[in-house]
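A closer look at the structure
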Amino acid sequence: VAAAYRELFLAAGGGALGLFTAIGRLRAVHQRIAPVLEEAGLPLYAQHVGGMDAATLVDIFRAEEHSCLLGTDAVRDGVDVPGRSLRLIVFDRVPWPRPDILHRARKAHWKAAGAGANGYDDMLARLRLKQAYGRLIRRADDRGVFVMLDSRLPSRLLSAFPQGVTVDRVGLAEAVAKTRLFLDS
């Protein structure tokens, strides 16, 4: 996972937001890629690493066009970075909901209402993907790449993305090459 983030962030030349579903993975990736990105002149900031709050991290990320930011759901849901400062989003895993007691009760209610066994989970995951993608395209002239590292993304969740968005299922090397090509064009 760290190698994927490193190569994609380098291909984009910064302006990259890495989203995680677990704080532990975020911290591990940060530790592994920070020296390489620093050497390449790409500042790396991270939520849950150090004492800086998410709002401050986002402000710094917005101001530095070639920086990279790692975050979890608070960053996914609270980032407004139009323009070239955000041109790549990389998501580590499908953002399935955590099965706590409230989630189980709501899921049971949805299932009883005829939404199917996975209807509630699918809806939440779709909303989270839509929210993340919405960070990338804020204005009519924004452009960027959205990469999901989890190969287990079900096709039924692709409706989270706007009509006209091309979805390519490719390996990492091809994703890096396509990211570089798209952002250089």
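Above this text you will find the structure in question.
Residues numbered from 1 in each chain as written. Predicted model: local features only at pLDDT ≥ 70, side-chain atom pairs only at ≥ 80, totals over all residues. Heavy atoms only, no water.

As for the overall build of the protein chain
- A count of helical and extended segments in the protein chain gives 7 helices and 5 strands.
- Start at the N end of the protein chain and walk to the C end: the helices and strands fall as α-β-α-β-α-β-α-β-α-α-β-α.
- Relative to the globule expectation of 16 Å for 185 residues, the C-alpha radius of gyration of the protein chain, 17 Å, shows essentially globular dimensions.
- Overall size of the protein chain, expressed as C-alpha extent along the three principal axes, is 55 × 40 × 30 Å.
- Long-range contacts, defined as pairs at least 24 residues apart, comprise 72% of the intrachain contacts of the protein chain with a sequence gap of at least 6.
- Within the structure as shown, the protein chain displays about 9,600 Å² of accessible surface, and the carbon and sulfur contribution to it stands at 53%. (Helix = DSSP H or I, 4+ residues; strand = E, 2+ residues; numbered from the N terminus. Rg over C-alpha atoms; globule rule 2.2 N^0.38 Å. Contact = heavy atoms within 4.5 Å. Areas by Shrake-Rupley, 256 points an atom, 1.4 Å probe, with all protein chains shown as cover.)

Thoughts on unusual backbone geometry
- If you check the backbone angles, His-48 has positive phi at about 70° while not being a glycine.
- You can see His-48 is positioned in the loop between β2 (44–46) and α3 (54–63).
- You can call His-48 partly exposed: its relative accessible area is 27%. (Buried < 20%, exposed > 50% of the residue type's maximum accessible area, 1.4 Å probe, protein only.)

A closer look at the layout of surface pockets
- In this structure, the largest pocket occupies an estimated 840 Å³ of space.
- Lining of the largest pocket is provided by 27 residues; of these, Val-145, Phe-146, Val-147, Thr-166 and Asp-168 occupy positions nearest its centre.
- Sorting the residues of the lining of the largest pocket by element identifies β5 (145–148) and α7 (172–184) as the ones contributing at least two each.
- Take the lining of the largest pocket: its biggest share by element is 5 residues, from α7.
- Tallied by class, the residues present in the lining of the largest pocket amount to 16 nonpolar, 6 polar and 5 charged.
- Approximately 320 Å³ is the volume found for the second largest pocket.
- Around the second largest pocket sit 18 residues that line it, and Thr-21, Pro-95, Trp-96, Arg-98 and Arg-128 are the ones nearest its centre. (1 Å grid on protein atoms, 1.4 Å probe; cavity = no way out; pocket = protein on both sides within 12 Å on 5 of 7 lines; lining within 4 Å. Points joined across faces, edges and corners; volume = space filled by probe spheres on them. Nonpolar A, V, L, I, M, F, W, Y, C, P; charged D, E, K, R; others polar.)

Notes on the nonpolar core
- By size, the foremost hydrophobic cluster in this structure holds 25 residues, and its most contacted members are Leu-17, Leu-69, Leu-129 and Phe-146.
- Contributions of two or more residues to this core are made by β1 (16–19), α3, β4 (88–91), α6 (119–136) and β5.
- In terms of residue count, the dominant contributor to this core is α6 (5 residues).
- With residues up to four places along the chain from it excluded, the contact list for Leu-17 reads Phe-9, Phe-61, Leu-69, Val-75, Leu-86, Leu-88, Ile-89 and Val-90.
- Counting residues in hydrophobic clusters, the runner-up holds 24 residues, among them Ile-33, Leu-42, Leu-44 and Leu-88. (Core = buried A, V, L, I, M, F, W, Y, C linked by side-chain atoms within 4.5 Å.)

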